[in-house]
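# Topology and contacts: notes
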Amino acid sequence: MAGTEVQLANRITSNGLEAGHLGRKRQSELSARSVTSSVRDTDRTKTTAFSSFIPKHSRCYIICVLYERLKFKTKFAASVSEFVRPEEKNSANMPAVSKGDGMRGLAVFISDIRNCKSKEAEIKRINKELANIRSKFKGDKALDGYSKKKYVCKLLFIFLLGHDIDFGHMEAVNLLSSNKYTEKQIGYLFISVLVNSNSELIRLINNAIKNDLSSRNPTFMCLALHCIANVGSREMAEAFAGEIPRILVAGDTMDSVKQSAALCLLRLYKTSPDLVLMGEWTSRVVHLLNDQHMGVVTAAISLITCLSQKNPDEFKTCVSLAVSRLSRIVSSASTDLQDYTYYFVPAPWLSCKLLRLLQCYPPPEDGAVKGRLVECLETILNKAQEPPKSKKVQHSNAKNAILFEAISLIIHYDSEPNLLVRACNQLGQFLQHRETNLRYLALESMCTLASSEFSHEAVKTHIETVINALKTERDVSVRQRAADLLYAMCDRSNAKQIVAEMLSYLETADYSIREEMVLKVAILAEKYAVDYSWYVDTILNLIRIAGDYVSEEVWYRVIQIVINRDDVQGYAAKTVFEALQAPACHENMVKVGGYILGEFGNLIAGDPRSSPLVQFNLLHSKFHLCSVPTRALLLSAYIKFINLFPETKSTIQEVLRSDSQIRNSDVELQQRAVEYLKLSSIASTDVLATVLEEMPPFPERESSILAKLKKKKGPGAVSVNELEEGKREGELNGGGERGGDNSGIAASNASTPSPSADLLGLRTVPPVTAAAPSAGSLLVDVFSEAGVNDDGFLRDLEPPTESSDSLLAEGSGDSDSAPPSAVSEDPAPPLPESNELLNKFVCKNNGVLFENQLLQIGIKSEYRQNLGRMYLFYGNKTSVQFVTFTTTLNVQTKTVEPLIEGGAQVQQVINIECLTDFLDAPLLNIKFRYGGALQNLTLKLPVTINKFFQPTEMASHDFFQRWKQLSQPQQEAQKIFKANHAMDTEVLKAKLLGLGMALLENVDPNPENFVCAGVIQTKAQQVGSLLRLEPNAQAQMYRLTLRSSKDTVSQRLCELLAEQF
Amino acid sequence: MIGGLFIYNHKGEVLISRVYRDDIGRNAVDAFRVNVIHARQQVRSPVTNIARTSFFHVKRSNIWLAAVTKQNVNAAMVFEFLYKMCDVMTAYFGKISEENIKNNFVLIYELLDEILDFGYPQNSETGALKTFITQQGIKSQTKEEQSQITSQVTGQIGWRREGIKYRRNELFLDVLESVNLLMSPQGQVLSAHVSGRVVMKSYLSGMPECKFGMNDKIVIDKQGKGGTTDDTAKSGKQSIAIDDCTFHQCVRLSKFDSERSISFIPPDGEYELMRYRTTKDIILPFRVIPLVREVGRTKLEVKVVIKSNFKPSLLAQKIEVRIPTPLNTSGVQVICMKGKAKYKASENAIVWKIKRMAGMKESQISAEIELLPTNDKKKWARPPISMNFEVPFAPSGLKVRYLKVFEPKLNYSDHDVIKWVRYIGRSGIYETRC
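Residues numbered from 1 in each chain as written. Chains lettered and ligands numbered in written order. Predicted model: local features only at pLDDT ≥ 70, side-chain atom pairs only at ≥ 80, totals over all residues. Heavy atoms only, no water.

Attention now goes to the environment of Val-219 of chain B. Note that Val-219 of chain B resides in helix H7 (residues 217-226). Taking the C-alpha atoms as reference points, Val-219 of chain B and Ser-261 of chain B, separated by 42 residues in sequence, lie 8.1 Å from one another. (Helix = DSSP H or I, 4+ residues; strand = E, 2+ residues; numbered from the N terminus.)

Next comes the structure, spelled out in structure tokens:
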């Protein structure tokens, strides 16, 4: 509860920056409140939960509490007496707070410390006090409870000042068995602050806690629960995880105890989820939502939210309860809830929590519940429109907190166009609000709204305001959100405007967000380019304005697009030529210029102002200002010039022959110079023309920029949705998305494969077929395009295992580099479940391959004929980075980035070619360090023979003719097996289609049966296959028959498929 | 060179801030406060580098003096300057305390302008400074006086003005030494050295030329070679080897280098003639013999014997022995024959004080310390027993052989000058491990 309050406070009051930096102030405010005015139950719960969340080192804060306690002694005493309900006061065995409980000695000590002039004086005073306490604790004479409490308090204070305390624990534990509330409380406080979990005292403490828990005295039970939550260690969890749920759901437990128990259980669940076992209590916990005591509901809902995130099914019933509770709160007049009305807003924390709980679940299916919920949301939106009932900031904060939570629920459901549009309008009002935090939150929520198809148009109406925010906003974090929103709301209709605005903003943007802005502009320009000259203009502008922030991917992309689009080439050449004429241009501009003029310089050579020699001189004038990779690129451009314009040959040869080239200290430059020089002088024009032919179009490929942006923002930031959209748009653009191809590059680079520079940063690949052992059948070709890391190719080539002898890998680049040390350990044996995992992917191409607490591996793959490409996404689920992350296929792969940041995702791409048919899937071994521990796991890569199916449509008689042709016994494989899943025709159809074969309708005389036909494409041969599946609904059995021209294929397919149905 | 100088109080508030160079910004003030004064861990090094800026600090009671520079300066020079500045301030307004600094801030700024110029240390001779920086406010000086001051300050002998006259020509010479020792429990000397100062107070007329002689081994040996054998026999072993020494600016260094004789025209009033350090043949005035016995987990028995090791006719004063106690001490009983002993909880030590003690005596203390059992099993580190005292001789063995005064212009001779010599040996860090 305190957690929410702090979060809430952060959402509303924090300066739009990451949560937490106001936490301190907020906490102290809160504590002051909890001490002085803890009249309401809510506040009491707050104190507990809140102290359970503070780390032990925030000592000063506790000092403050302690001191406040003294200062507000009287009020505190009042709050203590309030702790017990009036009717219990007499029965409770806690005496009224006596006069002597003020602990004068402690107050004197603290004021002494405060009056100390210097650190030394303070240390002296503390030493004196410690000696005094030691002499008291010596054990000569028994101390009474009061003095024990006083000295323990002093020790606690000294500890919180930063001194080590190594005695007094026993006395504190003794205090636990006292009957006085204050003594017990101080004892628990000392223990929760000072006792570490491996102390030998823990047994005694646990005993005392157990006694208190069974004491039936609600205050004592609360104290014990608070202590458990504050310590929250594993030992505590082991001792009490069974007990607390019982207290929580017991019928006779007091409300205040229930609250504490719920929060305590939450804490234990968070520290050691494995120890809190789900049981029959879970269903009863859900019913706490119906409790008439609001404090209990608030405490319980925190617990339920946390539990339901792990076990959504067990808590499904909470949705309807939550909705009814919410509707009761929302529709109640503010006077109904008395204590729980906060500045005229009824139970704001509870409402927020309810709304958040609902966000864990899809929209309710029950129409009535849904209707009620929609009504609630509408009411909340209506209330936002009402004039404020109070001018106090707390009122609007509470109101807005609920509103934002409601809006995120609406966005989460994404199914109510009406609500979405209303939410959008509401946020639109906030966009111009005086309060910076509101503007920030509104922009942030709008970003998510923009991705919903229902509200996208509504969001777009605010474009002017957002652009204005980008320009005039003073807070950088708000500007960042505005930029995000612009990116999110961009579509074909407003792309030009938005890109122009972002470009103009880029000139003044903060350095911290420039790179991201550049990427966004690049993506938008590409995604929504109708007119490619506009695209080229935009990107060149981008390089001009923010050249330093333009990453490699951006200019690679321009070149890919220019090369693939014939219509824009001339324009691009002309534009870059003009751009290069600027006296100072960025190196990236030189790169683009060099490449494009090298390819398409001839298109503008007709104009005397840009004659070949002028072009060459222009390029060469930049040569000396560039770094080595750029120079290498320019040299390649020069040799292309020789091909394009024979008249420049002598000039260029002169340049290449000069000492600064041919004797350059950089090996790469020197080699290029020498080779190009020789090439130009030896080869005939025909040969030259062939070798230096224009670049072939790049194959289609996901935009590397998008991948880069994703990497930058972490996996959550760019939704899959967006990714899909990017793809779709790419297709709309008419195959504009083409990536590089090894062969293409190889052709363009007449020189040797070079590690330092290639025109597209893609490495040329020396074929290693000859070197590979036993030319096998599956070719896995891996090269970098993940945009992750272009250098540092590290690989681990292992001797092929028995299953991989039919696999041939074609890796890329320097195979001489040493394998990283982390990989030197043996790969783990494949996980036992890897076969199942494999089966999961027989009929589908995308999904999650593997997931544990640390790592998630997602797969996206596509196949065409005998070629395939597989994208592996490694997602780090923790907040800690993975170090020395390596993946090894039992063929060669290129390494992925060795570090995965917490919460980030990296991508690896594997190109696959099927040489002949095969049985076993390739093994993928993954190693990384998480924390200090080496993680090692081996999975089967879901590449199965059926992936290379080409569906074949054929008529009925054709099918049967072929069926008969394949009648030899070894060509047929048949299996009869029991159904694992329900026999749903549609599901079966989907699965068979997923298999890759064509499903032939009206072929088999029995309409129940399925027949399929397909050809498996391998490099060596094509294997035609026919399938017949005969379900028997009564017996829940299937008969599967497969015939193919190759016996191994039939067997393998049969095995694979038998697992699927 | 020094870029700026700041004086802070114990809270880290700036009392005096004087910036001499542009490379030192305002934020340097805060940097020192945050990183040194308010540092979590106590900063023990007197030199701290923060963001390529060096801070040299000295602490006088609760006051921090920090010199700041961005350049690579001679640290010894900076510290010398800081100490000089402390001396100057003490000479002007007594003890350096927050109160005094606040009351005299105008004076301090005036002084800072004079003794540091663009970061370069200037004349810091108190006597000379007092002639033209006064606290008396407007005391209109005559033209003559002014020109005299100018000629003195800019002249060759900047530390003494002409025309001083005393009815009685007097000279006071103090040899002040502090002896430092670290001894093993078995009585083996692990390290020992004496750092000494010769402080003079001279009230002499005119421009006298003085010559100071002591039992420096090199001088004595040289004389011995010269042939005056009786002299060597007399001083014999009593010559001392001085490891290094520094002189007041009035001493003619060229003469010291060539003849190793110390001759000078003294400033008027009090000044420090020389500083020196010796490490050989040190007379250790006291020997501490500790005996610590642990009786079980909850009791500790300590017995300490001190023996005085000098002529029985001499009296040592202000003797204080500090015996550290474990951190979990819960009670102490002390018995001592001589002096007073008390357990001081605030310092975690037993402090034993003896007012006077003659040479060649011994005295002992025994204590029973009760301990409280604690959770952590860390053993007590047993810090060394330290001692403070004052003895009326020089533990290094230094002897003043002569101090001759020549004043050719005025008619008084060496014999007319009344000379007083005094030796004081104090303890520096005088520790014995137990």
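Picking up after the structure, the text goes on.
The subject of this paragraph is the interface of chain B and chain A. Listed per partner, the contact involves 19 residues of chain B and 15 residues of chain A. Carbon and sulfur atoms make up 48% of the surface buried where chain B meets chain A, a total of about 1,400 Å² over both sides. At the junction of chain B and chain A, the tally comes to 2 salt bridges. For the salt bridge of Lys-138 of chain A with Glu-370 of chain B, the shortest nitrogen-to-oxygen distance reads 3.9 Å. If you look at where chain B meets chain A, you find 4 residue pairs in polar contact (both at pLDDT 80 or more). Residue classes in the side of chain B that touches chain A are distributed as 4 nonpolar, 10 polar and 5 charged. (Contact = heavy atoms within 4.5 Å. Buried area = accessible area lost by both parts, 1.4 Å probe. Salt bridge = Lys/Arg side-chain N within 4 Å of Asp/Glu carboxyl O. Polar contact = N/O pair within 3.5 Å; in protein donor to acceptor, adjacent residues only side chain to side chain. Nonpolar A, V, L, I, M, F, W, Y, C, P; charged D, E, K, R; others polar.)

This part covers the side chain of Ser-1050 of chain A. All names here are of chain A. With respect to the helices, strands and loops of the structure, Ser-1050 is situated in helix H46 (residues 1047-1058). Overall, the relative accessible area of 1% leaves Ser-1050 in the buried class. Polar side-chain contacts of Ser-1050 include one of 2.6 Å to the side chain of Ser-1044. Ignoring any residue separated from it by four or fewer positions in sequence, one finds Ser-1050 in contact with Gln-971, Ala-973, Leu-1042, Arg-1043 and Ser-1044. (Buried < 20%, exposed > 50% of the residue type's maximum accessible area, 1.4 Å probe, protein only.)

What follows covers the packing of aromatic side chains. What the rule picks out here adds up to 26 aromatic pairs over all chains. A centroid spacing of 6.0 Å and a plane angle of 85° characterise the contact between Phe-137 of chain A and Tyr-151 of chain A, whose relative ring orientation is edge-to-face. Taken together, the residues Phe-137 of chain A in the loop between helix H8 (119-136) and helix H9 (145-160) and Tyr-151 of chain A in helix H9 connect sequence positions 14 residues apart. Note on Tyr-151 of chain A: relative accessible area 7%, which makes it buried. Taken together, Phe-616, Phe-623, Tyr-638, Phe-641 and Phe-645 of chain A form an aromatic cluster joined through their ring pairs. Cation over ring: Lys-860 of chain A sits above Tyr-871 of chain A, and NZ or CZ is 6.0 Å from the ring centre. Above the plane of the ring of Tyr-20 of chain B lies Arg-18 of chain B, whose end atom (NZ or CZ) is 4.6 Å from the centre. (Phe/Tyr/Trp six-rings, centres within 6.5 Å; stacked < 30°, edge-to-face > 60°. Lys NZ or Arg CZ within 6 Å of the ring centre and 35° of its normal.)

Here we take up the packing of helix H26 (residues 463-472) of chain A against helix H28 (residues 495-506) of chain A. All names here are of chain A. Two elements in contact, H26 and H28, have axes separated by 10 Å at closest approach and are oriented at 10°. Viewed along their axes, H26 and H28 adopt a mutual orientation that is roughly parallel. In contact with Ile-463, Glu-464, Ile-467, Leu-470 and Lys-471 of H26, H28 contributes Gln-497, Ile-498, Glu-501 and Tyr-505. Looking at the contact of H26 with H28 residue by residue, the class counts come to 5 nonpolar, 1 polar and 3 charged. (Axes fitted to C-alpha atoms, helices over the stretch in contact; angles between N-to-C directions. Parallel < 35°, antiparallel > 145°, perpendicular 65-115°, else oblique.)

Let us now look at unusual backbone geometry. The backbone of Asp-414 of chain A sits at a positive phi, close to 50°, despite the residue not being glycine. Note on placement: Asp-414 of chain A falls in the loop between helix H22 (393-413) and helix H23 (417-431). For Ser-61 of chain B, which is not glycine, the phi torsion reads 45° and is therefore positive. Mapped onto the elements of the fold, Ser-61 of chain B is located in the loop between strand S4 (53-60) and strand S5 (63-69).

As a further point, take the nonpolar core. Residues and elements named next belong to chain A. Formed by 206 residues in total, the largest nonpolar core has its most connected members in Ile-209 and Leu-542. For this core, the element with the most residues is H22, which contributes 11 residues. Listed in part, the 56 residues of the second largest apolar core include Val-842, Phe-882, Ile-926 and Leu-999. (Core = buried A, V, L, I, M, F, W, Y, C linked by side-chain atoms within 4.5 Å.)

This part covers the pattern of salt bridges. Scanning all chains against the criterion turns up 46 salt bridges over all chains. Across the pair Arg-439 of chain A and Glu-473 of chain A runs a salt bridge, and its minimum N-O distance is 2.8 Å. Within this pair, whereas Arg-439 of chain A is found in helix H24 (residues 436-450), its partner Glu-473 of chain A is found in the loop between H26 and helix H27 (476-489), the two being separated by 34 residues in sequence. No difference in accessibility class separates Arg-439 of chain A from Glu-473 of chain A, as the two residues are buried. Residue Arg-252 of chain B is joined to Glu-209 of chain B by a salt bridge in which the shortest nitrogen-to-oxygen separation is 2.3 Å. One end of the pair, Arg-252 of chain B, is in the loop between strand S11 (244-247) and helix H9 (253-259); the other, Glu-209 of chain B, is in strand S10 (residues 209-214), and 43 residues separate them in sequence. Members of the salt-bridge network, linked through shared partners, are Asp-112, Arg-125, Glu-129 and Lys-154 of chain A.

Attention shifts here to the sheet that holds strand S20 (residues 362-371) of chain B. Whether parallel or antiparallel, the strands of a sheet pair through hydrogen bonds between backbone atoms. Residue and element names in this part refer to chain B. If you trace the 4 strands from one edge of the open sheet to the other, you get S14-S15-S20-S17, paired in antiparallel fashion. Strands at the two margins of the open sheet, each flanked by one partner only, are strand S14 (286-295) and strand S17 (329-336). Direction aside, the axes of adjacent strands within the sheet are offset by 15° on average. Bridge count between S17 and S20: 7 bridges; the pairing is antiparallel. The residue bridging Thr-329 from the neighbouring strand is Leu-371, located in S20. (Pairing = 2+ DSSP bridges.)

What describes two packed helices is the angle between their axes and the distance between those same axes. All names here are of chain A. Viewed as axis vectors pointing N to C, H23 and H24 meet at an angle of 150°, and their least axial separation amounts to 8 Å. Taken as axis vectors, H23 and H24 run roughly antiparallel relative to one another. Relative to H24, the crossing made by H23 is left-handed. Where H23 abuts H24, its residues Leu-420, Ala-423, Cys-424, Leu-427, Gly-428, Phe-430 and Leu-431 lie against Leu-438, Arg-439, Ala-442, Leu-443, Ser-445, Met-446 and Leu-449. In the contact of H23 with H24, the residues fall into 11 nonpolar, 2 polar and 1 charged. (Left-handed = near helix turned anticlockwise from the far one by under 90°.)

The element helix H10 (residues 169-176) of chain A is extensively covered by neighbouring structure, given that 6 of its 8 residues are classed as buried. The complete set of buried residues in H10 of chain A reads His-169, Glu-171, Ala-172, Val-173, Leu-175 and Leu-176 of chain A.

Turning our attention to the confidence of the model for chain A. Residue and element names in this part refer to chain A. Taken over all residues, the pLDDT of chain A has a mean of 73, while the share at 70 or more is 76%. Across residues 1-99 the pLDDT falls below 50, and counting only partners more than four positions away or on other chains, this stretch makes 146 contacts in the model. Throughout residues 714-825 the model reports pLDDT below 50, and contacts reaching past four residues in sequence, or to other chains, amount to 251 contacts. (pLDDT = per-residue confidence, 0-100.)

Our next topic: the environment of Phe-977 of chain A. Residues and elements named next belong to chain A. Structurally, the position occupied by Phe-977 is in strand S13 (residues 972-978). Counting along the chain gives 59 residues from Phe-977 to Gln-1036, while the straight-line C-alpha distance between them is 8.8 Å. Setting aside its immediate chain neighbours within four residues, Phe-977 contacts Gln-1036, Met-1037, Tyr-1038, Leu-1040, Ala-1058 and Phe-1061.

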